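# Structural features, examined
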Amino acid sequence: MGITMKLGIKEIQEIIPHRHPFLLIDCIEELEPGVRAVGYKSITFNEPQFAGHFPGQPVMPGVLMIEALAQVGAVAILSVEENRGKTAFFGAINNAKFRQVVVPGDRLKLECEIIKQKGPIGIGKAVATNAEGKVAVSAELTFVVGS
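Residues numbered from 1 in each chain as written. Predicted model: local features only at pLDDT ≥ 70, side-chain atom pairs only at ≥ 80, totals over all residues. Heavy atoms only, no water.

## Re the pattern of salt bridges
Formally: Any carboxyl oxygen of Asp or Glu that lies within 4 Å of a side-chain nitrogen of Lys or Arg is treated as forming a salt bridge with it. Relative accessibility decides the category of a residue: with a 1.4 Å probe and only protein chains considered, values under 20% of the type maximum give buried, values over 50% give exposed, and everything between is partly exposed.
For the structure on display, the rule yields five salt bridges. K41 is the partner of E47 in a salt bridge, and the nearest nitrogen-oxygen pair spans 3.2 Å. The buried category is assigned to E47, whose relative accessible area is 10%. For K41, a relative accessible area of 6% puts it in the buried group. Among the salt bridges present, the one from E81 reaches R84, with a minimum N-O distance of 3.5 Å. On the accessibility criterion, E81 (61% relative accessible area) is exposed. The partly exposed category is assigned to R84, whose relative accessible area is 43%. Salt bridges sharing common partners tie together E30, E32 and R36.

## Considerations on unusual backbone geometry
For clarity, the threshold we go by: Comment: elements are numbered from the N terminus, with helices defined as DSSP H or I runs of at least four residues and strands as E runs of at least two.
With an omega of 5°, the peptide bond between H20 and P21 qualifies as cis. Although it is not a glycine, N95 adopts a positive phi angle of roughly 55°. Looking at where N95 falls in the secondary structure, it is placed in strand β3 (residues 87-98).

## Overview of the state of the cysteines
Applicable threshold: Sulfur atoms of two cysteines make up a disulfide when they are within 2.5 Å.
Overall, the coordinates contain zero disulfides when judged by the stated rule. Free cysteine: C112, not disulfide-bonded; nearest cysteine sulfur from C27 at 16 Å. Taking relative accessible area as the criterion, C112 reaches 4% and is therefore assigned buried.

## With respect to the sheet that holds strand β1 (residues 27-32)
Condition: Here, a strand pair is defined by DSSP locating no fewer than two bridges between the strands. Between the N-to-C directions of two axes lies an angle of 0 to 180 degrees, each axis being a line fitted to C-alpha atoms and, for a helix, fitted only over the stretch in contact.
Ordered in space as β1-β2-β4-β5-β6-β3, the six strands form an open sheet in which the pairing is antiparallel. The open sheet has two edge strands with one neighbour each: β1 and β3. Within the sheet, the average angular offset between the axes of one strand and its neighbour, ignoring direction, is 20°. Here nine bridges tie β3 to strand β6 (residues 135-146), and the two strands are oriented antiparallel to one another. Opposite I93, over in β6, you have L141 as the bridge partner.

Here it is in structure tokens:
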């Protein structure tokens with residue numbers, strides 16, 4: 001097992017380029033650079049997507065949950081020294097499954113493990129679970145590290 005560390009917003013922003021309103025993770029609780037990361041996202045009613053998705057019945061869009069998972073994966077892969085200052089782009093999203101509705105008040109646990117990497121291309125196994133431990137979304141995320 002590699003080094004495990006915790007990161008707040010400031011440290012996350014030193015690794016990935018995302019900023020408000022598109023930084024979709026609140027903290028990283030576990031990090032093994034280049035291997036895996038575990039983060040959290042607290043879903044609040046005042047987030048801009050809830051104005052239209054859906055009025056009177058706010059639901060976290062699935063694509064934003066996938067993006068939050070990708071950001072956690074990007075923290076894992078971009079925290080490796082040779083990738084510092086670079087950006088991780090989507091290469092593919094495979095086998096995405098949405099199993100639980102996520103609403104304001106929920107707190108998602110976001111986990112991404114890098115299961116394969118060759119050069120700048122890699123694959124992360126990503127899972128988001130709710131506070132009860134139920135899987136909200138899972139996917140296999142392919143990333144490409146660019147400059």
